[in-house]
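Chain and residue survey
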Amino acid sequence: MGISGKTRVCAIIGDPVEHSLSPVMHNAAFKELGLNLVYVAFTVTTKELKDAILGARRLGLRGLNVTMPHKNAVMNYLDEVDATAKAIGAVNTILSNQGKLIGYNTDGNGAMIALQENGVYPEEKKLVLLGAGGAAKAIAYHAAQDVAELVILNRTPEKAKKLADVLRKSFGNKVKGGTLSSTVLKDELETADILVNATSVGMHPDVNSSPVPSSLLRIDLCVMDIIYNPLETRLIADAKSVGSKVVSGLEMLIYQGAVAFEIWTNCPAPVEVMRNAALNELEKQGVRH
Ligand SMILES: NC(=O)c1ccc[n+]([C@@H]2O[C@H](COP(=O)([O-])OP(=O)(O)OC[C@H]3O[C@@H](n4cnc5c(N)ncnc54)[C@H](OP(=O)(O)O)[C@@H]3O)[C@@H](O)[C@H]2O)c1
């Protein structure tokens, strides 16, 4: 659909945003469904955040994605924040609804949908989550609702323990936190069904690193790495080589985008179209497979 006087705008704000895959993913999806929407990227520094949100209000933007470093601070400038995003303490999606800006977090939901759509079902399973940063927090909140046991391990163990303490208040003793070390990993992975890496270990340019020694991987341990640059991390390659089921970070990226798309449009997201658009863009950007 061509741009007209009735075209509404969605955008991603953050710093940096030039390499974001969201514009190509969402524009392909809008086109597929013939929606009169366009998606662009705006670089917004911390100092500019408040004005940027005011600008989005005044210009009547339909929706926003929010990325680093604004996921926490943006909550101060919204009219409402949904309960899940409030619990996670971060917003990555904003809907403008009749002049009201409402914040959501689709990261954790996107990760859990990515697992399920790839044949990994967390219900009644033990999930070991590596990391306690922004993405890990969002995933932990959603995973805790489904799994039988959630173990959060982080290089800085205090952060994992703090996150586990908060989650235990809602989900009970099935959540625990600890140190990301080979000894603890060995103990915890022995009885785990699903491993999710939400640390940045293995991300470009650190492509030869993995947070888990390959000797601890086994065929009946499903592995998801939320890193999507490279598309196949060292951890995913190691897991594949022992025959495990694997889920890449691109899947989480696509499904967090799909959930945002549905919030803005009330239409089911054309996931295949979004996946192809993201893959084409990654290829253009020279991201390693
Ligand atoms: N696929 C997607 O849709 C998606 C969405 C969001 C993020 N991501 C990816 O997820 C990763 C984490 O993002 P984030 O926003 O959560 O970042 P963050 O808030 O900065 O958290 C980084 C995490 O990685 C850990 N870490 C960093 N370096 C480490 C090292 N050398 N050894 C062990 N642990 C280390 C940190 O541990 P400490 O607490 O000890 O520092 C922390 O737990 C990034 O690669 C990002 O690109 C993917």
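Residues numbered from 1 in each chain as written. Predicted model: local features only at pLDDT ≥ 70, side-chain atom pairs only at ≥ 80, totals over all residues. Heavy atoms only, no water.

Focus: the overall build of the protein chain
Counting secondary structure elements, the protein chain contains 10 helices and 12 strands. For the protein chain, whose C-alpha radius of gyration is 19 Å, the value lies close to the compact-globule estimate of 19 Å for 289 residues. For the C-alpha atoms alone, the extent of the protein chain along its principal axes is close to 60 × 40 × 35 Å. Taking all 289 residues of the protein chain together, 49% fall into the buried category. In the protein chain, of all internal contacts separated by at least 6 residues, the share reaching a separation of at least 24 is 65%. Of note, the protein chain has its 30 positive side-chain charges centred 5 Å away from the centre of its 30 negative side-chain charges. (Helix = DSSP H or I, 4+ residues; strand = E, 2+ residues; numbered from the N terminus. Rg over C-alpha atoms; globule rule 2.2 N^0.38 Å. Buried < 20%, exposed > 50% of the residue type's maximum accessible area, 1.4 Å probe, protein only. Contact = heavy atoms within 4.5 Å. Lys, Arg positive; Asp, Glu negative; His and termini not counted. Charge placed at Lys NZ, Arg CZ, Asp CG, Glu CD.)

Re the sheet that holds strand β10 (residues 194-197)
The sheet built from six strands is open, its strands ordered β9-β8-β7-β10-β11-β12 with parallel pairing. Every interior strand has two partners, whereas the edge strands, β9 (175-179) and β12 (246-247), have only one. Here helix α7 (residues 182-190) sits on the sheet in contact with β7 (126-130), β8 (149-154), β9 and β10, set at roughly 155° to β7. Packing against the sheet, helix α8 (residues 234-241) makes contact with β10, β11 (222-225) and β12, and its axis sits at approximately 165° to β11. (Pairing = 2+ DSSP bridges. Axes fitted to C-alpha atoms, helices over the stretch in contact; angles between N-to-C directions.)

Description of the sheet that holds strand β4 (residues 80-81)
If you walk across this open sheet you meet the six strands as β2-β1-β3-β5-β6-β4, and the pairing is mixed. Looking at the sheet topology across the chains shown, the edges are occupied by β2 (37-43) and β4. Helix α1 (residues 22-33) rests against β1 (8-14), β2 and β3 (63-66) of the sheet, and its axis sits at about 170° to β2. Running over the sheet, helix α9 (residues 249-265) touches β1, β2, β3, β5 (93-97) and β6 (100-104) and is turned about 5° from β5.

Quick word on the site of the ligand
Taken together, 20 residues form the shell around the ligand, and within it N154, R155, T156, K159 and I226 come nearest. Between T156 and the ligand, the recorded distance is 2.5 Å, taken from a side-chain N or O atom to an oxygen atom. Residue G249 places a main-chain N or O atom 2.9 Å away from a nitrogen atom belonging to the ligand. Here the ligand has 930 Å² of accessible area as a free molecule, and 75% of this is covered by the chains. Sorting the residues of the shell around the ligand by element identifies α5 (134-146) and α9 as the ones contributing at least two each. (Near = heavy atom within 4 Å. Polar contact = N/O pair within 3.5 Å; in protein donor to acceptor, adjacent residues only side chain to side chain. Areas by Shrake-Rupley, 256 points an atom, 1.4 Å probe, with all protein chains shown as cover.)

Details of the environment of A73
By secondary structure assignment, the location of A73 is in the loop between β3 and β4. Here A73 falls in the partly exposed class, since its relative accessible area comes to 29%. When the C-alpha positions of A73 and A90 are compared, they lie 8.1 Å apart, and in sequence the two are 17 residues distant.

Notes on the pattern of salt bridges
When the charged atoms of two side chains with opposite charge come close together, those side chains can pair. On inspection of all chains with the given rule, the structure shows 12 salt bridges. Linking D107 and K71 is a salt bridge whose minimum nitrogen-to-oxygen distance equals 2.9 Å. With a gap of 36 residues between them, D107 in helix α4 (residues 107-117) and K71 in the loop between β3 and β4 connect regions that are remote in the sequence. Salt bridges sharing common partners tie together K126, K176 and E188. (Salt bridge = Lys/Arg side-chain N within 4 Å of Asp/Glu carboxyl O.)

Comments concerning the domain arrangement of the protein chain
Taken as a whole, the protein chain is organised into domain 1 (8-105 + 251-284) and domain 2 (108-247). Relative placement of domain 1 and domain 2: their C-alpha centres are 25 Å apart. Across the boundary between the two partners, domain 1 contributes 13 residues, which contact 18 residues of domain 2. Between domain 1 and domain 2, a total of about 1,300 Å² is buried, with carbon and sulfur atoms accounting for 78% of that surface. Summed over the three residues of domain 1 that lose the most area to domain 2, namely I88, M252 and Y255, the buried surface amounts to 45% of that side. Along the contact surface separating domain 1 from domain 2 lie zero salt bridges. For the pair domain 1 and domain 2, the interface holds one residue pair in polar contact (both at pLDDT 80 or more). (Domains from an automatic or database assignment. Buried area = accessible area lost by both parts, 1.4 Å probe.)

Regarding the pairing of β8
For β8, a buried count of five out of six residues is recorded, marking the element as mostly surrounded by other parts of the structure. For the crossover that starts at β7, traverses α5 and ends in the parallel β8, the hand is right-handed. Taken together, β8, helix α6 (residues 157-171) and β9 form a β-α-β motif whose crossover is right-handed. (Right-handed = clockwise from strand over helix to strand, strands pointing away.)

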